[in-house]
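Listed here are the chains, written in short residue letters.
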Amino acid sequence: MSLLELNSITKSFGAIHALQGVDLEVSAGEAVGLMGDNGAGKSTLMKIIAGNFPPTEGAIRIEGNEVTFSQPLDAREAGIEIVYQDLALCDNLTAAANVFLGREAKKRIGPFKMLDYKTMYQKSGELFAELKSETRPRDLVRQMSGGQRQAVAIARTRLSDPKLVLMDEPTAAISVRQVAEVLALIKRLKETGHAVILVSHRMPDVFEVCDRVAVLRRGTKVADKRIDETSPEEVTGLITGAIAAA
Amino acid sequence: MTDQTHDQASHAEIDESITSRQEVSGFAAILRTQPFWVFMAILTLGVVMSFVSDVFFTERNMFNITRNFAFFGIMALGMSAVICTAGIDLSVGSLVGLTGIVTGLIMQAGYGIELGFIGCMLTAAAVGLVNGILIAYLKMPPFVVTLGMMSIVVSLARVVSDNKMIYDFGPDMDLFEWIGGESVMGVPNVVWIMIVLTAVFWWVWRYSTWGRWVIAIGGNAQAAKLSGIPVERMIVSVYVVCSLCAGLAAFLFVGYTGSVTNGMGFTWELTVIAATVIGGANLMGGIVFALGAPIGAALIELIRNSLLLAGIPAMWQQFFVGLFLIIAVLLEQIRNRGGK
Ligand SMILES: Nc1ncnc2c1ncn2[C@@H]1O[C@H](COP(=O)(O)OP(=O)(O)OP(=O)(O)O)[C@@H](O)[C@H]1O
Ligand SMILES: [Mg+2]
């Protein structure tokens, strides 16, 4: 049984049909690359899985049970974490505050519950270290580099132990060294039985860590192949439309 | 082998030093805040005034200054929360009139100070609730909603009071006037209340999830929402808090003056917003200082007092308040540009 199962997901924004009848399955311990041209509907699909908005039509199943997410929190509780393409960070807060946003560590002093800064700094420091990112937990996100911001968004998904991690272009703005760390993280996630969906425009990344690659073109899934049965050339053809479907 | 362990050790050290490092240290961070510079302006003005006027540093004058700004300081604490969410509340001034009238009517009828206080706060909460719901759930612009509410509240105050002044506060009148007008250990009661409230807000902004979430909403409401923060409910609560602060100020102010008319608090929202902004709040949201509210209010009152003592006609007061407001925002712009 697959961990996540999407059945003919359709999403329309008024007259725009962002997704049309997309099926997708992901199993535990598997990484699926999701590729496609700009505007193909990749982020829209990710946001539907993460509970940002419901699909116009279609069903989402997690471990065989149909779910409806009315808000991101529902998806999070179902074990889904996401790195948004635009990262969704609060610039005016520290890195640690962003990592813990919405699920702050608290300690109890008498009748009062208060934010536990020490724990939050320490834990986010560990998460950044794991990503080999020189991100300081106490710094404001406002003054951070693109790569550091990305590290904050990725560290956020490591706070709980999710079943499925969605990454919407997590390697778009970062250095070679940190790309390697993110890819290593995805491999570790797979080894520990997590499922990952990686949206990326970087062919080598997808071919390095993913077991399968799915291609979206204008809202329709045109291919879903095992990595060892396809090639970067074929995927490129599928993305551009030079190859109709495979 | 040894090499590797050594390498790992130094890695751990580096990680630790990165974790505890910060862009600016504690004191330097304070130096960068607006409340600090406004506080410096207050001290400077104080020194100048001590040369200009013999009366300035008398106990009596200090007492008056602190008591006068405490009412605005209390309201500015609530306004800071609203402005932190990139909102605005124009209805607080007229709300002072309405809640003052409600308090007066309840106490005049002989129901006592407890019910008077409860009625005052419930009225304030109701107005805040309506503001908040319209802004958070119906996504209406705060400026328009609270502008409309200002007009509605002014009108309600006139209707409820039947346009009469209230100066009889029933059996608890003495206690009522003591709370608003008297002092403990040489410090006016209203100032004590402002100090306690400031401390409470300081704690809330620094250590409570409510405070953290309000600041997050001001920074990026969309991101806050995606993180599972109940943005709409938080915004409603912020407007309720702001209204409650106005209600409290009204309760104290009526006790202090010993009478209330429905015109009380008229245009106070301007002073309160000015105090909040001078105290470092940013109308774009995401920035809040508990100490900024009383400090901003203090500066405004100090300007008023100084002009008075220096023999400059009171007509000039608004001019200087406006000038300081513009300078405060200008300074912030310059500092922000420097930081980027
Ligand atoms: N909230 C929205 N309202 C209206 N249209 C939208 C919305 N979100 C996405 N779309 C449209 O849906 C289509 C798919 O967008 P989506 O962001 O999913 O593309 P993408 O594959 O992630 O592209 P990119 O590679 O540029 O990130 C686009 O045509 C876009 O304009
Ligand atoms: Mg996208």
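For the structure itself, consult the block above.
Residues numbered from 1 in each chain as written. Chains lettered and ligands numbered in written order. Predicted model: local features only at pLDDT ≥ 70, side-chain atom pairs only at ≥ 80, totals over all residues. Heavy atoms only, no water.

### Digging into the overall build of chain B
Phase 1 of the analysis: Secondary structure summary: chain B contains 15 helices and two strands in total.
Phase 2 of the analysis: Rg of the C-alpha trace for chain B: 23 Å, near the compact-globule value of 20 Å for 340 residues, within the 12% margin.
Phase 3 of the analysis: Counting only C-alpha atoms, chain B reaches 90 × 55 × 35 Å along its principal axes.
Phase 4 of the analysis: Here chain B holds 340 residues, and 51% of them are scored as buried.
Phase 5 of the analysis: Considering only residue pairs separated by 6 or more positions, chain B has 77% of its internal contacts joining residues 24 or more positions apart.
Phase 6 of the analysis: With the model as given, the accessible surface of chain B reaches about 16000 Å², and the carbon-plus-sulfur share is 68%.
Phase 7 of the analysis: Charged side chains in chain B number 15 positive and 20 negative. The centres of these two groups are separated by 9 Å. (Helix = DSSP H or I, 4+ residues; strand = E, 2+ residues; numbered from the N terminus. Rg over C-alpha atoms; globule rule 2.2 N^0.38 Å. Buried < 20%, exposed > 50% of the residue type's maximum accessible area, 1.4 Å probe, protein only. Contact = heavy atoms within 4.5 Å. Areas by Shrake-Rupley, 256 points an atom, 1.4 Å probe, with all protein chains shown as cover. Lys, Arg positive; Asp, Glu negative; His and termini not counted. Charge placed at Lys NZ, Arg CZ, Asp CG, Glu CD.)

### A closer look at the site of ligand 1
Residues and elements named next belong to chain A.
Phase 1 of the analysis: In the vicinity of ligand 1, 14 residues are found, and the nearest of them are Asn38, Gly39, Lys42, Ser43 and Thr44.
Phase 2 of the analysis: At 3.2 Å from an oxygen atom of ligand 1 is found a main-chain nitrogen or oxygen belonging to alanine 40.
Phase 3 of the analysis: Taking 640 Å² as the accessible area of ligand 1 by itself, protein coverage stands at 64%.
Phase 4 of the analysis: Mapped by element, the contributors of at least two residues to the shell around ligand 1 are β2 (16–26) and α1 (42–49).
Phase 5 of the analysis: For the shell around ligand 1, the element with the highest residue contribution is α1, accounting for three residues.
Phase 6 of the analysis: Among the residues making up the shell around ligand 1, the classes are represented as four nonpolar, seven polar and three charged. (Near = heavy atom within 4 Å. Polar contact = N/O pair within 3.5 Å; in protein donor to acceptor, adjacent residues only side chain to side chain. Nonpolar A, V, L, I, M, F, W, Y, C, P; charged D, E, K, R; others polar.)

### A few points about the packing of helix α5 (residues 92–108) of chain B against helix α12 (residues 231–257) of chain B
In a packed pair of helices, the relevant descriptors are the angle between the two axes and the axis-to-axis distance.
All names here are of chain B.
Phase 1 of the analysis: Packing of α5 against α12 leaves a shortest axis separation of 8 Å and a crossing angle of 55°. Here α12 runs oblique to α5, going by the angle between their axes. The element α5 and its partner α12 pack so that their crossing is right-handed. Within the contact between the two elements, α5 uses Val92, Leu95, Val96, Thr99, Gly100 and Thr103 and α12 uses Cys242, Ser243, Ala246, Gly247, Ala250, Phe251 and Val254.
Phase 2 of the analysis: Among the residues making up the contact of α5 with α12, the classes are represented as eight nonpolar, five polar and no charged. (Axes fitted to C-alpha atoms, helices over the stretch in contact; angles between N-to-C directions. Parallel < 35°, antiparallel > 145°, perpendicular 65-115°, else oblique. Left-handed = near helix turned anticlockwise from the far one by under 90°.)

### Side note on the sheet that holds strand β11 (residues 212–217) of chain A
Strand pairs in the sheet, formed through backbone hydrogen bonds, run parallel or antiparallel to each other.
Residue and element names in this part refer to chain A.
Phase 1 of the analysis: Taken in spatial order, the six strands make up an open sheet running β6-β9-β10-β3-β11-β12, and their pairing is mixed. Looking at which strands have only one partner, the edges of the open sheet turn out to be β6 (80–83) and β12 (220–226). Averaged over all neighbouring strand pairs, the angle between strand axes comes to 15°, with direction disregarded.
Phase 2 of the analysis: Bridging between strand β9 (residues 164–168) and strand β10 (residues 195–199) involves five bridges; their strand directions are parallel. (Pairing = 2+ DSSP bridges.)

### Some thoughts on the nonpolar core
Phase 1 of the analysis: Counting 137 residues, the largest nonpolar core has Leu4(A), Leu45(A), Ile49(A), Leu164(A), Leu166(A), Ile197(A) and Ile229(B) as its most contacted members.
Phase 2 of the analysis: Broken down by element, the residue count for this core peaks at 17 residues, all from α12(B).
Phase 3 of the analysis: In contact with Ile49(A), other than residues within four places in its own chain, are Leu4(A), Leu6(A), Phe69(A), Ala75(A), Ile80(A), Leu164(A), Leu166(A) and Ile197(A).
Phase 4 of the analysis: Counting 49 residues, the second largest nonpolar core, distinct from the first, contains Leu89(A), Tyr117(A), Phe128(A) and Val182(A). (Core = buried A, V, L, I, M, F, W, Y, C linked by side-chain atoms within 4.5 Å.)

### Quick notes on the packing of helix α4 (residues 59–84) of chain B against α12(B)
All names here are of chain B.
Phase 1 of the analysis: Running from N to C, α4 and α12 point in directions that differ by 170°, and their axes come no closer than 7 Å. Our classification of the angle between α4 and α12 gives roughly antiparallel. Where α4 approaches α12, its residues Arg67, Asn68, Phe71, Ile74, Met75, Gly78, Met79, Ala81 and Val82 are matched on the opposing element by Val238, Tyr239, Cys242, Cys245, Ala246, Leu248, Ala249, Leu252, Phe253 and Tyr256.
Phase 2 of the analysis: Residue composition of the contact of α4 with α12, grouped by class: 16 nonpolar, two polar and one charged.

### A short note on the interface of chain A and chain B
The accessible area lost on association of the parts is a frequent measure of interface size.
Phase 1 of the analysis: Counting residues at the interface gives 32 residues for chain A and 27 residues for chain B.
Phase 2 of the analysis: Contact between chain A and chain B buries roughly 2600 Å² in total, counting both sides, with carbon and sulfur atoms accounting for 61%.
Phase 3 of the analysis: Summed over the three residues of chain A that lose the most area to chain B, namely Tyr117(A), Arg136(A) and Arg138(A), the buried surface amounts to 20% of that side.
Phase 4 of the analysis: At the boundary of chain A and chain B, one finds zero salt bridges. (Buried area = accessible area lost by both parts, 1.4 Å probe. Salt bridge = Lys/Arg side-chain N within 4 Å of Asp/Glu carboxyl O.)

### Details of the pattern of salt bridges
All names here are of chain A.
Phase 1 of the analysis: Per the stated rule, a full pass over the model turns up 20 salt bridges over all chains.
Phase 2 of the analysis: For the salt bridge of glutamate 81 with arginine 76, the shortest nitrogen-to-oxygen distance reads 3.8 Å.
Phase 3 of the analysis: For the salt bridge of aspartate 224 with arginine 212, the shortest nitrogen-to-oxygen distance reads 3.0 Å. Remark: arginine 212 occurs in strand β11 and aspartate 224 occurs in strand β12; sequence separation between them is 12 residues.
Phase 4 of the analysis: Here the salt bridges share partners, and the residues they tie into one network are Glu30, Arg212, Lys221 and Asp224.

### Things to note about the coordination of the magnesium ion (ligand 2)
Phase 1 of the analysis: Taken together, the protein donors to the magnesium ion (ligand 2) comprise Ser43(A) (OG) and Gln85(A) (OE1), at separations of 1.9 to 2.0 Å. Separated by 42 residues along the polypeptide, Ser43(A) in helix α1 and Gln85(A) in the loop between β6 and α3 (95–99) bring together distant segments of the chain. (Donors = N, O, S within 2.8 Å, 3.2 Å for Na, K, Ca; no water.)

### A few points about helix α8 (residues 173–181) of chain B
Phase 1 of the analysis: For α8(B), the set of buried residues is Phe176(B), Ile179(B), Gly180(B) and Gly181(B).
Phase 2 of the analysis: Each element contacted by the buried residues of α8(B) is listed here: α4, α5, α6 (112–136), β1 (183–184), α9 (189–207) and α12 of chain B.

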